[in-house]
Amino acid sequence: MSHISKIEIEIQSIEDLKQACNELGLEFREGQKDYKWYGTQRESVSGNDNQTDLGKCDHAIKVPGAKYEIGIVKKGKHYELLWDNYYTGGLEEKVGKNAGFLKQAYSIQRIKREARIKGYRVVQKKVTNGIRLVLSF
Amino acid sequence: MKEISIDISDDGEVRIETKGFKGKACLLESKFLKDLLGKQTFQELTPAYYVTQKQDTKKYLNLCG
């Protein structure tokens, strides 16, 4: 081994996020400017948005079977996922805690696309609690 | 064999591990992944990191005195 790193995901590519939505059976709604939520309470993945932003977004994700939606808001060079995780909204059940399944699918798309451009061989396998990608020369 | 192994957990956490690299090559080779995905929150260098790429040097024994 040489080194180990842990990374906190930032959504930088809308194209890879769209692809991740397709993989999970979610509907990416380009240009939708608001998302459905409870109305008085909501959760932000990053947790630092001000009240004027509530319910507003640049794009949205419709999750089949869920009452609420995920908002996608551009913040500088990256995007944040905003959503209400109250259980009646049904989102956490579909996209995981802190949208983990969506972040996972996004990361896989992002890594595969760039790794192949760089000429790596990519192998994907299921491991306990997640997915492993192995890049080799 | 040089490999980069990336574990992406169901809660969205990403862990990158490089194998078979010596010295700083591992950091350079995996940098593109960190740039692609977001912010690095943890890094641990393993013993192989401190192994420098050795260059073969020929040693001659002076037989002629």
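Being a predicted model, the structure only gives us computed values, none of them experimental.

A short note on the interface of chain B and chain A
Now for step 1: In this complex, chain B contributes 38 residues to the contact, which on the side of chain A involves 34 residues.
Now for step 2: Counting residues per element, the side of chain B that touches chain A draws most heavily on strand β3 (residues 38-45) of chain B, which supplies eight residues.
Now for step 3: Examined bridge by bridge, strand β1 (residues 3-9) of chain A and β3(B) share seven bridges and lie antiparallel to one another. Across the sheet, residue A:E8 finds its bridge partner in β3(B), namely B:K39.

Details of the packing of helix α1 (residues 14-24) of chain A against helix α3 (residues 100-117) of chain A
Residues and elements named next belong to chain A.
Now for step 1: Between α1 and α3, the shortest axis-to-axis distance is 8 Å and the interhelical angle comes to 120°. For the element pair α1 / α3, the angle class is oblique. In terms of crossing hand, the pair formed by α1 and α3 is right-handed. Contacts from D16, L17, Q19, A20, E23 and L24 in α1 reach F101, L102, A105, Y106, Q109, R110 and R113 in α3.
Now for step 2: Here the residues of the contact of α1 with α3 sort into seven nonpolar, two polar and four charged.

Considerations on the confidence of the model for chain B
Residues and elements named next belong to chain B.
Now for step 1: Across chain B, pLDDT averages 76, with 71% of residues at or above 70.
Now for step 2: Per-residue pLDDT, averaged within each element of chain B, yields its smallest value for β3 (77) and its largest for strand β1 (residues 3-9) (92).
Now for step 3: Both scores are available for the predicted complex, with the pTM at 0.81 and the ipTM at 0.81.

Focus: α1(A)
Residues and elements named next belong to chain A.
Now for step 1: Of all the residues in α1, the buried ones are D16, L17, A20 and C21. Buried residues of α1 fall within an arc of 145° about the axis and therefore sit on the same side.
Now for step 2: Buried positions along α1 lie against β2 (27-29), β4 (59-62) and α3.
Now for step 3: Once α1 finishes, G25 follows within two positions and takes phi at roughly 75°, a positive value.

Reading the values: the criteria
Residues numbered from 1 in each chain as written. Chains lettered and ligands numbered in written order. Predicted model: local features only at pLDDT ≥ 70, side-chain atom pairs only at ≥ 80, totals over all residues. Contact = placed C-beta atoms within 7 Å. Helix = DSSP H or I, 4+ residues; strand = E, 2+ residues; numbered from the N terminus. Pairing = 2+ DSSP bridges. Axes fitted to C-alpha atoms, helices over the stretch in contact; angles between N-to-C directions. Parallel < 35°, antiparallel > 145°, perpendicular 65-115°, else oblique. Left-handed = near helix turned anticlockwise from the far one by under 90°. Nonpolar A, V, L, I, M, F, W, Y, C, P; charged D, E, K, R; others polar. pLDDT = per-residue confidence, 0-100. Buried ≥ 20, exposed ≤ 12 C-beta atoms within 10 Å, placed from the backbone. Arc of directions from axis to C-beta.

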